[in-house]
Amino acid sequence: MRRTSEVEDLLRLHAPQVLGALVRRYGHFDPAEDAVQEALLAAARQWPEQGVPDNPRGWLIRVASRRLVDRLRSDEARRAREETAAALTPRDAFTAPPPDEPAAGGGRAPSEDDTLTLLFLCCHPELAPAAQIALTLRAVGGLTTAEIARAHLVPEATMAQRISRAKRRIRGAAFVQPGPADRDGRLGAVLQVLYLIFNEGYTATSGRALHRAELAREAIRLTRSVRRLLPRDGAVTGLLALMLLTDARSAARTGPDGELVPLDEQDRTRWDRAAVTEGTALVEEALHEGPAGPYQVQAAIAALHDEAPRTEDTDWPQILALYDVLVRLAPEPMAELGRAVAVAMVHGPAAGLAEADALADRLAGNHRLDAVRAHLLERAGDPAGARAAYLAAAAATLSLPEARYLRGRADRLGG
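Parameters and conventions
- Residues numbered from 1 in each chain as written.
- Predicted model: local features only at pLDDT ≥ 70, side-chain atom pairs only at ≥ 80, totals over all residues.
- Heavy atoms only, no water.
- Helix = DSSP H or I, 4+ residues; strand = E, 2+ residues; numbered from the N terminus.
- Buried < 20%, exposed > 50% of the residue type's maximum accessible area, 1.4 Å probe, protein only.
- Contact = heavy atoms within 4.5 Å.
- 1 Å grid on protein atoms, 1.4 Å probe; cavity = no way out; pocket = protein on both sides within 12 Å on 5 of 7 lines; lining within 4 Å.
- Points joined across faces, edges and corners; volume = space filled by probe spheres on them.
- Nonpolar A, V, L, I, M, F, W, Y, C, P; charged D, E, K, R; others polar.
- Salt bridge = Lys/Arg side-chain N within 4 Å of Asp/Glu carboxyl O.
- Axes fitted to C-alpha atoms, helices over the stretch in contact; angles between N-to-C directions.
- Parallel < 35°, antiparallel > 145°, perpendicular 65-115°, else oblique.
- Left-handed = near helix turned anticlockwise from the far one by under 90°.
- Disulfide = S-S within 2.5 Å.
- Phe/Tyr/Trp six-rings, centres within 6.5 Å; stacked < 30°, edge-to-face > 60°.
- Lys NZ or Arg CZ within 6 Å of the ring centre and 35° of its normal.
- pLDDT = per-residue confidence, 0-100.
- Expected span 1.5 Å × (residues − 1).

### Some thoughts on the overall build of the protein
Then step 1. Check the secondary structure of the protein and you find 19 helices and two strands.
Then step 2. Expressed as a percentage of the 415 residues in the protein, the buried residues total 50%.
Then step 3. Considering only residue pairs separated by 6 or more positions, the protein has 66% of its internal contacts joining residues 24 or more positions apart.

### Description of the layout of surface pockets
Then step 1. Estimated volume of the second largest pocket: approximately 480 Å³.
Then step 2. Leu11, Arg12, Gln37, Leu40 and Gly142 are, among the 20 residues lining the second largest pocket, the residues nearest its centre.
Then step 3. Counting residues per element, the ones that place at least two in the lining of the second largest pocket are helix H1 (4–26), helix H2 (29–50) and helix H6 (129–139).
Then step 4. Looking at which element gives the most residues to the lining of the second largest pocket, the answer is H1, with eight residues.
Then step 5. Residue composition of the lining of the second largest pocket, by class: 12 nonpolar, four polar and four charged.

### A closer look at the pattern of salt bridges
Then step 1. By the definition in use, this model includes 18 salt bridges.
Then step 2. The salt bridge partner of Glu285 is Arg227, with a shortest N-O separation of 2.6 Å. Residue Glu285 is located in helix H12 (residues 273–287), and its partner Arg227 is located in helix H10 (residues 213–229); the two are separated by 58 residues in the primary sequence.
Then step 3. We classify Glu285 as partly exposed; its relative accessible area is 31%.
Then step 4. Here Arg227 falls in the buried class, since its relative accessible area comes to 18%.
Then step 5. Across the pair Arg373 and Asp357 runs a salt bridge, and its minimum N-O distance is 2.7 Å. Taken together, the residues Arg373 in helix H17 (residues 367–379) and Asp357 in helix H16 (residues 349–357) connect sequence positions 16 residues apart.

### Structural notes on the packing of helix H18 (residues 383–396) against helix H19 (residues 400–412)
Then step 1. At a closest axis distance of 8 Å, the pairing of H18 and H19 adopts a crossing angle of 165°. One element, H18, and the other, H19, form an angle in the roughly antiparallel class. Of the two possible hands of crossing, H18 and H19 adopt the one that is left-handed. Residues Arg387, Tyr390, Leu391, Ala393 and Ala394 of H18 lie in contact with H19, whose contacting residues are Ala403, Leu406, Arg407, Arg409, Ala410 and Asp411.

### Some words on the state of the cysteines
Then step 1. Applying the stated criterion to the full structure yields zero disulfides.
Then step 2. Its sulfur unpaired, Cys123 is 6.7 Å from the next cysteine sulfur, which belongs to Cys122.

### Let's talk about the packing of aromatic side chains
Then step 1. Per the stated rule, a full pass over the model turns up three aromatic pairs.
Then step 2. Plain terms: the ring middles of Tyr195 and Tyr295 are 5.7 Å apart, the flat faces sit at 65° to each other, and that makes the pair edge-to-face. Of the two residues, Tyr195 sits in helix H9 (residues 180–202) while Tyr295 sits in helix H13 (residues 294–307), which places them 100 residues apart along the sequence.
Then step 3. Using a relative accessible area of 21% as the deciding quantity, one classes Tyr195 as partly exposed.
Then step 4. Overall, Tyr295 belongs to the buried group, its relative accessible area being 13%.
Then step 5. Between Phe198 and Tyr202, the aromatic rings sit 5.8 Å apart at their centres with planes inclined by 15°, giving stacked as the arrangement. One end of the pair is Phe198 and the other is Tyr202, both in helix H9 and four residues apart, which spans about a single turn. Of the two residues examined, Phe198 and Tyr202, each falls in the buried class.
Then step 6. Just above the ring of Trp271 sits the side chain of Arg249; from NZ or CZ to the centre is 5.9 Å.

### Structural notes on the confidence of the model for the protein
Then step 1. Per-chain confidence: the protein averages 85 in pLDDT, with 88% of residues scoring 70 or above.
Then step 2. Confidence drops under a pLDDT of 50 for residues 90–110, and excluding neighbours within four residues, the segment shows 35 contacts in the predicted structure.

### Describing H13
Side chains of residues three or four places apart in an α-helix project in the same direction, reflecting 3.6 residues per turn.
Then step 1. For H13, with 14 residues, the first-to-last C-alpha span of 20 Å sits near the 20 Å given by 1.5 Å per residue.
Then step 2. For H13, the buried fraction is high: 12 of the 14 residues fall into the buried class.
Then step 3. If you check which residues of H13 are buried, you get Tyr295, Gln296, Val297, Gln298, Ala299, Ala300, Ile301, Ala302, Ala303, Leu304, His305 and Asp306.
Then step 4. Each element contacted by the buried residues of H13 is listed here: H9, helix H11 (234–247), H12 and helix H14 (316–329).

This is the structure:
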């Protein structure tokens, strides 16, 4: 019998593959997603008590298929929908092996192709970029609407409307991988979505766990799949390098009791050196595949952190130079906040605080700004100001491990 958390990880891994299989077989993206959610809820109730089936993906596909067919049959256009479902449904839909068996001739499993096709479908050119990202995070990443809203700094109701409109917009779109020209047009949104899925897995924005390992691994797996399609695309290679170099530190990010361990206090002997080696090689390859973009630059920053044998050996001047490039390429507030830390490490905490304070309006309510300010105030010799900022950051985050860490830092500074 598996723990509930293990079942949740398993369901998150299979959800996009099951949705892809249903959309490929039946079409009807919106009701297919509803059917998958119902199957996931059924599994969440049954598997912790009854055990995980031998073929969990097949179980989910069969249950979701039944729910979808029932839903189609109860629609207002009952007869037309039944005819469509009958035409699209194989005769042995509920007894045949689920579409996760190896493809004929030793190719990739249909489930992998389905997930990749689903990824590109959610980034359909009919959708605005914001809608592409939101829909893919929901359908492929398995993030809740609330999690997606927090990642984009918008109200949950706004995000729910955005996702609903996106589903309606792609209703009836063919479930096939796009051709080369169309694929290139969707690639930017696909990579941004994979980046956001990985970030949510590496540092969960809410809940009891700091790290959602299955989500991070799924983002890496999908990025590898995209790279197989586009092996010489610098942005794809750079993103994969960034994920590997970041995920290499996972084992050292938590202590014995699950507490957060910041980068400068981590035991670097616990870092995954194989991932560091692969990621560093990919950075060098990415930088030779055309003009450097944001993913290549971020990967180069991650490589400098990972290559330093000790915290004090980190090449902060080079990291600051790379951040200068990054904020010119992508002037995002979180990139500028990272640059503020680099400024502090090179020019002192007062200089870093000035950079961080300039982001107050753009990052209002974001706990990471308060956390950075607290760290820099502590380094600047202002324990009272640092303690207040740590407590503000702890109150704003929805991640319990982060909140515990931030409150602990505040407590060490006294009343």
